[in-house]
Amino acid sequence: MKTPDDDAAPPAIRVRLADLMRGPFDIKSFALTTLLVFAVLYTMYFTRAVLLPLVLAMLLSYLLTPLVRMLTRLKIPSLAASGIV
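Considering the overall build of the chain
So, point 1. From N to C terminus, the chain includes four helices and zero strands.
So, point 2. Of the regular secondary structure in the chain, the N- to C-terminal order runs α-α-α-α.
So, point 3. Within the chain, the fraction of its 85 residues that count as buried is 4%.
So, point 4. Total accessible area computed for the chain in this model is approximately 8000 Å², and 74% of it derives from carbon and sulfur atoms.

Describing helix 3 (residues 48-73)
So, point 1. With 26 residues, helix 3 extends 37 Å from end C-alpha to end C-alpha; this agrees with the ideal 38 Å at 1.5 Å per step.
So, point 2. At Leu64, helix 3 shows its largest bend, some 40 degrees, and a proline, Pro66, comes one to four positions later.
So, point 3. Positive phi appears at Lys75, one or two residues downstream of helix 3, with a value of about 70 degrees.

Some remarks on the packing of aromatic side chains
So, point 1. Within the structure shown, the criterion is met by two aromatic pairs.
So, point 2. With 5.1 Å between their ring centres and 85 degrees between their planes, Tyr45 and Phe46 make a pair best called edge-to-face.
So, point 3. Given the relative accessible area of 54%, Phe46 is considered exposed.
So, point 4. Through successive ring pairs, a cluster of aromatic residues spans Tyr42, Tyr45 and Phe46.
So, point 5. Across the ring face of Tyr45, the terminal group of Arg48 is positioned such that the distance to the ring centre comes to 4.2 Å.

A few points about unusual backbone geometry
In terms of backbone geometry, most residues other than glycine have negative phi values and most peptide bonds are trans.
So, point 1. Phi at Lys75 takes a positive value of approximately 70 degrees, unusual for a residue other than glycine.
So, point 2. Along the polypeptide, Lys75 turns up in the loop between helix 3 and helix 4 (78-84).

Rules and cut-offs
- Residues numbered from 1 in each chain as written.
- Predicted model: local features only at pLDDT ≥ 70, side-chain atom pairs only at ≥ 80, totals over all residues.
- Heavy atoms only, no water.
- Helix = DSSP H or I, 4+ residues; strand = E, 2+ residues; numbered from the N terminus.
- Buried < 20%, exposed > 50% of the residue type's maximum accessible area, 1.4 Å probe, protein only.
- Areas by Shrake-Rupley, 256 points an atom, 1.4 Å probe, with all protein chains shown as cover.
- Expected span 1.5 Å × (residues − 1).
- Bend = angle between axes of the 7 residues up to and from the residue.
- Phe/Tyr/Trp six-rings, centres within 6.5 Å; stacked < 30°, edge-to-face > 60°.
- Lys NZ or Arg CZ within 6 Å of the ring centre and 35° of its normal.

Right, dumping it as structure tokens:
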């Protein structure tokens, strides 16, 4: 009969993970990671005026590409198909 623990990770891996979780954490590493996250968020906040149109343009490009491909299969040049869409 199988138990739910049979599908879990082998005991050696569980022991290593438990040892890592019990060990001391390097506060410098945690502080640097936190500062990096804040720096990335800060940069994204102040570049949102540029990033938002770029992200929306990429999403629209992926959304409308199938329509342009369909029109090119109907023997319409891709430039004209893009203009139609």
